[in-house]
Amino acid sequence: MSVVLDIATALCLIGGAAFIIIGGIGLIRLPDFFTRLHAAGCGETLGAWLVLLGLLFQSGWSLNSVKLIMIFVLLVLTGPTATHALAKSALHGGLKPKHLERD
Amino acid sequence: MARSLYLLIFLAIIWLLLSGHYTPLLLGLGAASCLLVWYISERMDLVDHEEHPLHLHPIRLILYWGWLGGEVVKSNIDVARRIIDPNLPIQPKLLRVRTSQKTELGQVIYANSITLTPGTVSIDLEGYEIEVHALAADPAEALLDGEMDRRVSAVERPQPEDPRSGQR
């Protein structure tokens, strides 16, 4: 059983790390501030979630799991709020999104 | 009064779960800190009418979280694919989405859900419209389809004291 859990943890950690790295690559490759927010969101959501899930498999039924779930809830609530605050202040500060497709 | 008692109970549960040490000294310190935070929040009038989760259907909320989680996974894979594609297939777009939520809390859940799914970020909220920046045409179309909007509205349960209930 513990081997199965270890493999599940390994897969989750590798997957999470992959999404965080892809998010980092996106931060460099994408052209402007607003598109980069999407790349940051990639590592912030599924990347972080997979890492937490992998750690949950290791902690089992314990108080540490409760703490991991609290971190998860905190991330889900604060991540989008912070992204929205950044995007809104950028827009109102006069930064215009680049490469917009005209309808 | 009942509302602020909920806050005290909630604080105590959080403290107990985070601490894990149940000796008299630490329990006493925990109780003291909970009471202090409770007293400060009361004085600052932090507990308002939205503190209660009464505004939402609990079972529908959990079902919505499940659906949202699936959407986040799908859109994450889509955005990751666009980032590592050598051609970088993005067509950034600004669009306005109408919201059908009856409460401010519902609108916040909708706007936060939009931001949480990679590929769309809500940048402004005015009245009943959310301004959204989309990374490509597909996530924009999925949003304009309005499925997320309908699902968030289904989670709501407006209370009489909500400032916006009954307006529409």
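Here the structure is shown first, and the text comes after it.
Summary of the structure given here. (Residues numbered from 1 in each chain as written. Chains lettered and ligands numbered in written order. Predicted model: local features only at pLDDT ≥ 70, side-chain atom pairs only at ≥ 80, totals over all residues.)

**Here we look at the overall build of chain A**
Phase 1 of the analysis: Helices and strands together make up the secondary structure of chain A, namely 3 helices and 0 strands.
Phase 2 of the analysis: In summary, chain A has a C-alpha radius of gyration of 17 Å against a globular reference of 13 Å for 103 residues, an excess of more than 25%.
Phase 3 of the analysis: In terms of principal-axis extent, the alpha carbons of chain A reach across some 55 × 25 × 20 Å. (Helix = DSSP H or I, 4+ residues; strand = E, 2+ residues; numbered from the N terminus. Rg over C-alpha atoms; globule rule 2.2 N^0.38 Å.)

**Quick word on the overall build of chain B**
Phase 1 of the analysis: The number of helices and strands found in chain B is 6 helices and 3 strands.
Phase 2 of the analysis: Along chain B, helices (α) and strands (β) appear in the sequence α-α-α-β-α-β-β-α-α when read from the amino end.
Phase 3 of the analysis: Long-range contacts, defined as pairs at least 24 residues apart, comprise 70% of the intrachain contacts of chain B with a sequence gap of at least 6. (Contact = placed C-beta atoms within 7 Å.)

**Observations regarding the sheet that holds strand β1 (residues 93–98) of chain B**
Phase 1 of the analysis: The 3 strands lie next to each other as β1-β3-β2 (chain B), forming an open sheet whose pairing is antiparallel. The sheet is open, and its two borders are formed by β1 and β2 (120–126) of chain B, each paired with just one other strand. Sheet twist, expressed as the average angle between the axes of neighbouring strands with direction ignored, equals 25°.
Phase 2 of the analysis: Relative to strand β3 (residues 129–134) of chain B, β1 of chain B runs antiparallel, the two being bridged by 6 bridges. Residue pairing in the sheet places R96 of chain B in a bridge with E131 of chain B of β3 of chain B.
Phase 3 of the analysis: Against the sheet, helix α3 (residues 63–92) of chain A engages β2 and β3 of chain B, with an angle of about 65° to β2 of chain B. (Pairing = 2+ DSSP bridges. Axes fitted to C-alpha atoms, helices over the stretch in contact; angles between N-to-C directions.)

**Description of the interface of chain B and chain A**
Phase 1 of the analysis: Taken together, the contact pairs 28 residues of chain B with 30 residues of chain A.
Phase 2 of the analysis: Within the residue set of the side of chain B that touches chain A, elements represented by two or more residues are α1 (2–19), α3 (58–84), β1, α4 (104–116) and β2 of chain B.
Phase 3 of the analysis: At 7 residues, the largest contribution of residues to the side of chain B that touches chain A is made by α3 of chain B.

The analysis is restricted to geometry; functional conclusions fall outside its scope.
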